[in-house]
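Residues per chain are reported as follows:
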Amino acid sequence: MATELGRERAKSAIRTLRAEDAGAVAEILRRSPEAVFWPEASVKEVLEWQGILGIASEADGKLVGFLIGRQTSEEAEILNLALAPESRRKGEGGALLQAAVEEFRTRGVNRVFLEVRESNVPGITFYARHKFSKTGRREGYYRDPSEAALVMEHKLVR
Ligand SMILES: CC(C)(COP(=O)(O)OP(=O)(O)OC[C@H]1O[C@@H](n2cnc3c(N)ncnc32)[C@H](O)[C@@H]1OP(=O)(O)O)[C@@H](O)C(=O)NCCC(=O)NCCS
């Protein structure tokens, strides 16, 4: 039974994000103004932090998307998530988010949250589709351009 998601994702794979992916991650972020930009060195540094979970989406041997999250005790935050523009709307973002949520659940997390630019309607729609709901707003959270963040969270049921 090939679902639409399965067909679209047939050539891609989800794997652990590695330090050597940092350049490709920075390149995707350079092309994703909706996300927070981290240069290559910052990506490498973040991957060293305690509690970090990094997941990659790869197609034909090339990194096409990534998710970086961090667990602190029973909570986890999605710190950054982006797909290369030509790889969007094929189910890859959903696959990365589902993989992260399942891994956090396994690690004992009961609440996953994130911030998203208030103007990022595709991002907000995407997270809502994955059972995240709005729980707050942070004025002036983002720079370049300055903008408020919506806080969204997903409670994990055991
Ligand atoms: C948000 C993002 C990660 C989604 O990844 P994606 O692989 O394109 O998303 P999926 O294909 O898994 O989409 C799943 C669902 O999310 C919603 N969605 C995704 N993109 C959407 C868009 N542009 N407009 C409206 N809904 C959208 C839809 O409900 C979609 O299901 P459908 O395609 O069956 O309608 C991707 O668009 C992206 O990289 N955006 C730039 C960076 C960003 O905004 N990151 C999040 C904030 S940090």
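See the structure shown above.
Below, the structure is looked at part by part. Just so you know, these numbers come straight off a predicted model, no measurement behind them.

Note that strand S1 (residues 12-16) and strand S2 (residues 52-59) share five bridges and pair antiparallel. Along S2, the bridge assignment pairs Arg15 with Ala56. Relative to strand S3 (residues 62-72), S2 is paired through eight bridges, and the arrangement is antiparallel. Paired with Ile55 across the strands is Leu67, a residue of S3. If you look at the hairpin formed by S2 and S3, you'll find two residues sitting between the two strands, and Asp60 has a positive phi there, around 50°.

Let us now look at the site of the ligand. Taken together, 21 residues sit near the ligand, with Glu34, Arg88, Gly93, Gly94 and Pro122 positioned nearest. Elements represented by at least two residues in the shell around the ligand include exactly strand S4 (75-83), helix H4 (92-106) and helix H5 (121-129). Looking at the shell around the ligand element by element, the count peaks at five residues for H5.

Attention shifts here to the pairing of strand S7 (residues 147-155). In this sheet, S7 lies alongside strand S5 (residues 111-117) in antiparallel orientation, the contact comprising seven bridges. Looking across to S7, one finds that Glu115 is bridged to Val151. The antiparallel hairpin formed by strand S6 (residues 133-142) and S7 contains four residues in its connecting segment, where Asp144 sits at a positive phi of about 50°.

In this section: the sheet that holds S5. Sheets are built from strands that pair by backbone hydrogen bonding, the pairs being arranged parallel or antiparallel. If you walk across this open sheet you meet the seven strands as S1-S2-S3-S4-S5-S7-S6, and the pairing is mixed. Among the strands making up the open sheet, the edge pair consists of S1 and S6. Adjacent strand axes in the sheet meet at a mean angle of 25°, parallel and antiparallel pairs treated alike. Where S4 lies against S5, four bridges are found, and the strand directions are parallel. Its bridge partner lying in S5, Ile78 is registered against Leu114. Packing of H4 onto the sheet brings it into contact with S1, S2, S3, S4, S5 and S7, and relative to S3 it is tilted by some 30°. The strands touched by H5 are S5 and S7; relative to S5, the strand with the most contacts, the crossing angle is about 165°.

Along the polypeptide, Gln50 turns up in the loop between helix H3 (40-46) and S2. The class for Gln50 is exposed, based on 7 C-beta atoms found within 10 Å. Taking C-alpha positions, Gln50 is 15 Å from Leu17, a pair spaced 33 residues apart along the chain.

This brings us to the nonpolar core. Val25, Ile55, Phe66, Leu67, Leu96, Ala100 and Phe104 are the most contacted members of the largest nonpolar core, which has 34 residues in total. For this core, the element with the highest residue contribution is H4, accounting for six residues. Discounting residues that sit within four places of it in the chain, Ile55 has contacts with Ile14, Thr16, Leu17, Phe66, Leu67, Leu96, Ala99 and Ala100.

About the criteria used
- All chains use their own residue numbering, which begins from 1 and follows the written sequence.
- Selection of residues for local features in this predicted model requires a pLDDT of at least 70, selection of side-chain atom pairs for listing and counting requires 80 or more, and totals for whole chains, interfaces and linings are taken over all residues.
- Criterion used throughout: strands pair if DSSP finds at least two bridges between them.
- Labels follow the DSSP assignment, with helices taken as runs of H or I lasting at least four residues and strands as runs of E lasting at least two, numbered in each case from the N terminus.
- Each residue receives a C-beta atom placed from its backbone. It is near a molecule or strand if this atom lies within 6 Å of it.
- Think of each axis as a best-fit line through the C-alpha atoms, taken over the contacting stretch in the case of a helix, with angles from 0 to 180 degrees between the N-to-C directions.
- A pair of residues counts as a contact when their C-beta atoms, built from backbone coordinates, are separated by no more than 7 Å.
- In this scheme every C-beta is placed from the backbone, and a residue whose C-beta has 20 or more other C-beta atoms within 10 Å is buried, one with 12 or fewer is exposed, and one in between is partly exposed.
- Residues enter a nonpolar core if they are buried, belong to Ala, Val, Leu, Ile, Met, Phe, Trp, Tyr or Cys, and are joined to the set through C-beta atoms within 7 Å.

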